[in-house]
Amino acid sequence: MSQKVRGELTLDTMAGDIAGLLDHFGITGKVALAGIAVGGAIALHFAARYKERTSAVAVGSPATGIAAERRAPALERLLKIEAGGMAVAVEDAMLGGYGPELRGDVARFERFRRRWLGNDPSSYATIWRMLAAAKMGDELARLACPVLVIGGSLDRVRPPSLAQDVAKAIPGARYTEIRTGHYMAVQTPDLLAEGIDEFLRSVGA
């Protein structure tokens, strides 16, 4: 239910929004952040920009950018979505991120599919363009807090190898893999929560 974004968007803006939210609620101590996909990239960027406010970060299939060879097809896909709406990409998005192996709970899958279709096409495109412009390599190497990176063995949008690459770029980061897809917070919430809880307890965060 957030306001729909238009124009240019950066990870800096998103991290600043988290800081603003913490300020609004008077939260001055360090916080642990968890995020999936784009949310993972935002959490990692927050940790790099606000080191004094971050105790730990747990991310699943973090979308820290788009590989050069995938950039042109991704931007072309966005033009189609902006012109034709979310429905033009829903089947590919579900096949890649919410594969048939994870659709045992049919009602859960259908709820998520409807929610995905309800995305604002312009906002969706703006966020993907933010990812296409993101270059996080240097800041990942400077992260100082404990980090857990989670890969989804059934994630075809950002396969485990990409999640592993992110973990390798962060000093001391842990990597684990679970049987889930790209939308892991929806598909396997208990499995994901258990992994994050265990990590945060182990690092005292």
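Predicted model only: the values in this text are computed from it and were never measured.

Rules used in this analysis
- Residues numbered from 1 in each chain as written.
- Predicted model: local features only at pLDDT ≥ 70, side-chain atom pairs only at ≥ 80, totals over all residues.
- Heavy atoms only, no water.
- Helix = DSSP H or I, 4+ residues; strand = E, 2+ residues; numbered from the N terminus.
- Rg over C-alpha atoms; globule rule 2.2 N^0.38 Å.
- Contact = heavy atoms within 4.5 Å.
- Pairing = 2+ DSSP bridges.
- Axes fitted to C-alpha atoms, helices over the stretch in contact; angles between N-to-C directions.
- Core = buried A, V, L, I, M, F, W, Y, C linked by side-chain atoms within 4.5 Å.
- Buried < 20%, exposed > 50% of the residue type's maximum accessible area, 1.4 Å probe, protein only.
- Salt bridge = Lys/Arg side-chain N within 4 Å of Asp/Glu carboxyl O.
- Expected span 1.5 Å × (residues − 1).
- Arc of directions from axis to C-beta.

Caption draft 1: Molecular detail of the overall build of the chain. Helix and strand counts for the chain stand at ten helices and four strands. For the chain, the succession of helices and strands along the chain, N to C, is α-β-α-β-α-α-α-α-α-β-α-β-α-α. Here the C-alpha atoms of the chain give a radius of gyration of 17 Å, agreeing with the 17 Å that 2.2 N^0.38 yields for 205 residues. Within the chain, contacts between residues at least 6 apart in sequence are counted, and of these 76% link residues at least 24 apart.

Caption draft 2: Spotlight on the sheet that holds strand β1 (residues 31-36). Read across the sheet, four strands follow the order β1-β2-β3-β4 without closing on themselves; strand pairing throughout is parallel. A strand with exactly one partner marks an edge of an open sheet, and here the two such strands are β1 and β4 (174-178). Each strand axis lies, on average, 15° off the axis of its neighbour in the sheet, ignoring direction. By the bridge criterion, five bridges tie strand β3 (residues 147-152) to β4 in an arrangement that is parallel. Among the inter-strand pairings, isoleucine 150 is bridged to a residue of β4, identified as threonine 176.

Caption draft 3: The nonpolar core, seen in detail. Among the nonpolar cores identified, the biggest contains 51 residues, and Leu44, Met94 and Trp116 are the most heavily contacted of them. By residue number, the principal contributor to this core is helix α2 (residues 38-49), which donates seven residues. In contact with leucine 44, not counting residues within four places along its chain, are Val57, Val59, Pro62, Thr64, Met136, Glu139, Leu140, Leu143, Val147, Val166 and Ile170.

Caption draft 4: Spatial organisation of helix α4 (residues 90-97). Along α4, the positions that sit buried rather than exposed are Val90, Ala93, Met94, Gly96 and Gly97. Where the residues of α4 are buried, they touch α3 (68-84), α5 (106-117) and α9 (184-187).

Caption draft 5: Representation of the pattern of salt bridges within the structure. Per the stated rule, a full pass over the model turns up eight salt bridges. Here aspartate 23 and arginine 53 are joined by a salt bridge, their closest N and O atoms 3.0 Å apart. Highlighted residues: aspartate 23 in helix α1 (residues 11-24) and arginine 53 in the loop between α2 and β2 (54-60), separated in sequence by 30 residues. Salt-bridge contacts for arginine 113 lead to glutamate 91; the nearest nitrogen and oxygen are separated by 2.5 Å. With a gap of 22 residues between them, arginine 113 in helix α5 and glutamate 91 in helix α4 connect regions that are remote in the sequence. Look at arginine 113 and you get partly exposed, because its relative accessible area is 22%.

Caption draft 6: The environment of glycine 84, seen in detail. You can see glycine 84 is positioned in helix α3. Each C-alpha atom of the pair glycine 84 and glutamate 69 lies 24 Å from the other, and the pair is 15 residues apart in sequence.

Caption draft 7: Structural context of the side chain of arginine 53. Look at arginine 53 and you get buried, because its relative accessible area is 13%. Not counting residues within four places of it along the chain, the set of residues in contact with arginine 53 comprises Ala19, Leu22, Asp23, Ile27, Gly29, Lys30, Val31 and Phe46.

Caption draft 8: Quick look at α3. Taking 1.5 Å per residue as the helical rise, α3 with its 17 residues ought to reach 24 Å, and the 25 Å between its terminal C-alpha atoms agrees with that figure. Here α3 has its buried residues at Ala74, Leu78 and Ile81. Down the axis of α3, the buried side of the element spans an arc of 65°, and every buried residue falls inside it. Relative to its buried face, α3 has exposed residues pointing more than 90 degrees away, namely Glu69, Ala72, Leu79, Lys80 and Ala83. Where α3 is buried, its residues meet α6 (121-133). Directly beyond the C-terminal end of α3, a positive phi value near 90° is found at glycine 85.

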